[in-house]
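If you want the building blocks of each chain, they are given just below.
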Amino acid sequence: MNDDIIGINIGSKNTIVGAYIKGSFKIILSESSARSIPTVISFGDNDRNYGDIAFNSNRSKFKSTIIYPNRWLGINYNNTLKEEEEKYANLSPVKNEFDNSLGFKINIKNQKVFYTPEVIMGSFLNKLKNIWLKENIYTDNIVISVPDYYTAYERQAMLDSINISGLNCFSLLNESSAIAIHYAFQKLKELDSRIVCFIDFGHSHLTISYAQFTKKEIKILLVNSERFCGARDLDYLIAEKISNDFYMKHNIDLLNLPKAKISLLNAINKVRKNLTVNKEGTISIDEIVKGKDLIYNLARDNMEEIITPLLLKFESFCNKALTKAIQNGVDINNIHSIEMVGDTLRTPCILKIIKNVFKKDLSKTLIPNECITRGCALFAMMNSPHYKIQNFTIKHYNPYPIFLECQKIYIKAFSEGDNFPASKTINIKGDIFNLNICELNIRFVYQDIIELNFLKDKLIQEYKIIIPFSYTKKILRIELIYDLDINCIPKLSDAYMFNDELNKEKLEFILIKENFGLSKEYLDILKSEEIEREKRDVNIKEATAYKNSLEEYIYKTRDNIDAKGELKGYFTKQEKEKLIKEMDKLMKWLY
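Rules behind the numbers
- Residues numbered from 1 in each chain as written.
- Predicted model: local features only at pLDDT ≥ 70, side-chain atom pairs only at ≥ 80, totals over all residues.
- Heavy atoms only, no water.
- 1 Å grid on protein atoms, 1.4 Å probe; cavity = no way out; pocket = protein on both sides within 12 Å on 5 of 7 lines; lining within 4 Å.
- Points joined across faces, edges and corners; volume = space filled by probe spheres on them.
- Nonpolar A, V, L, I, M, F, W, Y, C, P; charged D, E, K, R; others polar.
- Helix = DSSP H or I, 4+ residues; strand = E, 2+ residues; numbered from the N terminus.
- Buried < 20%, exposed > 50% of the residue type's maximum accessible area, 1.4 Å probe, protein only.
- Contact = heavy atoms within 4.5 Å.
- Expected span 1.5 Å × (residues − 1).
- Axes fitted to C-alpha atoms, helices over the stretch in contact; angles between N-to-C directions.
- Parallel < 35°, antiparallel > 145°, perpendicular 65-115°, else oblique.

1. What about empty space enclosed by the protein?
- This model, assessed by the stated rule, comprises 4 cavities of 30 Å³ or more.
- In terms of lining, the largest cavity is formed by Asn70, Arg71, Ile75, Leu81, Glu85, Tyr149, Tyr150, Glu154, Arg227 and Phe228.
- Class assignment of the residues belonging to the lining of the largest cavity gives a composition of 5 nonpolar, 1 polar and 4 charged.
- Lining the second largest cavity are Asp4, Ile5, Ala19, Tyr20, Ala377, Ala380, Met381, Ser384 and Tyr387.
- If you tally residues by element for the lining of the second largest cavity, the top one is helix α11 (residues 371-382), at 3 residues.
- Residues belonging to the lining of the second largest cavity are distributed by class as follows: 7 nonpolar, 1 polar and 1 charged.

Written out as structure tokens, the structure is:
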């Protein structure tokens, strides 16, 4: 173990891993020497694959391959997000037979095995660890990015996944914070007091944030997020158009055929990116279905017409983000610059909308695909005693209002936009609440806002405050200390009662229900199971390597003992026949 901390950007499509080694930033390359790793994992009868191997075999092994694993974290089976996310998935999730959570049933050795999103994400992270171990970076310490829109349910699910993987999470980091941190260090020499707007139009979601910078502080002023507005939505609209045209001609719905759907979306993704510089492109797929090829000419103008619904959604979102900024006192006229990152960075129609709405030219000075990873690694260094770098105070952005509910009365605990980590003091006063009781039940809930309509149950936690019987008629007020930790997960830390303003006594409280997270006992079981799965994977990999080595040796030996080989003349005819016979036996044993 060493002092390095790995920065990880878990994107919907790709994951990027990096670290600052001896003062310089290093992207840790994938097994295929790429700077990003597909966020994909596949499960086989004998082993598991991730990244490039899993992505490349997705079409042939779609029934055992999970794409977008981070999009399923913290989502219950009755959550309305499930229906929208399902159209992008290889497999449809199923309900857990023990509770309302969801997971995926994958056929392993002719048996259906149920995997939760936490286990799937944990398996991916455990596999991911191998790429930095190969670089002789021996650490389990990570800072990992999460979308700003993640609720406490999703954040805890990510932490549970990390626990299952055996890694140690120093902190979850909002993507808006990671981008701002990278910006601050990139502009360190010229950084003055300024406000910058960041537009992150990624593969699956969209975020527009405003950050205020000084020489010593980074404050996220405002964050706007849209869960379903990304490059894959553009691709899906194009896929629907092509699929409809194909159906009219051949009476075959490509989007209802998993292999055809995967091939079509992959081809569209490549051509769409080419259309950022070219005016025309061709989507060509041999044998997209048996006996049928697909050739579709797509001009940039035609593409923009097809994706009009999403462009209108994006424009509306930009206007909303601008209006919200004005309403929250952000000085729009003095915005220093608008920086854009993400998968759609160079899409002309997207850039045109931004310029029309914000009346300002875009700046593209950040490294679009790597800035979040760099921000995570820098945040780790800032909070480590082993590194001496500029130490900004970071004020992260809480995405959702949280209320205390007690006796059908609501008190705001945290507002949207409150910075965290933070603690709030909440007073339950005797002249408003009935405190002449031995037990006081309180609930912390998310506010019923449109952004959380997908949550049927907005409960975060429920507690029982124990009040000593001798004090039930003398309490002036009860004071609660409610924390929002570094991961933006809330928790009650203390409770006190006051008989008057001078006498303060600590109260006991019991957690009755927490609406997220796995129990420690269950996590320990899942972690042990992951260790066993990884041992099997390593054994299979080593056995395969030995078999390949033996096979190579056999073929090489055959070549060397033939009439033109290097060992010609060193064997009698009988010895050669015996050796060939033994090698044939070995080949049969191998296969």
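2. A closer look at helix α10 (residues 348-358)
- The complete set of buried residues in α10 reads Cys349, Ile350, Leu351, Ile353, Ile354, Val357 and Phe358.
- On its buried side, α10 packs onto β13 (194-201), β14 (206-213), α8 (300-306), α9 (308-327), β18 (335-341) and β19 (362-363).
- Lys359 sits one or two positions beyond α10 and adopts a positive phi of about 55°.

3. Regarding helix α5 (residues 175-186)
- Spanning 12 residues, α5 covers 17 Å between terminal C-alpha atoms, matching the ideal 16 Å at 1.5 Å per step.
- Glu175, Ser176, Ser177, Ala178, Ile179, Ala180, Ile181, His182, Tyr183, Ala184 and Phe185 are the residues of α5 that are buried.

4. Points about the packing of helix α4 (residues 152-165) against helix α12 (residues 520-561)
- Contact geometry of α4 with α12 gives a least axis separation of 8 Å together with a crossing angle of 45°. Comparing the axis directions of α4 and α12 gives the class oblique. Facing Asp160, Asn163 and Ile164 of α4, the residues of α12 in contact are Leu523, Leu526, Lys527 and Glu530.

5. Let's talk about unusual backbone geometry
- In this chain, Phe420 is followed by Pro421 through a cis amide linkage whose omega measures 5°.
- On the secondary structure map, Pro421 appears in the loop between β23 (419-420) and β24 (422-429).
- Here the phi dihedral of Asn110 falls at roughly 65°; this positive angle occurs in a residue that is not glycine.
- Relative to the assigned elements, Asn110 resides in the loop between β9 (102-108) and β10 (111-115).
- You can call Asn110 exposed: its relative accessible area is 73%.
- Despite not being glycine, Gln407 shows a phi value in the positive range, around 50°.
- Looking at the secondary structure, you find Gln407 in the loop between β21 (402-406) and β22 (409-414).
- The exposure class assigned to Gln407 is partly exposed, which follows from its relative accessible area of 34%.

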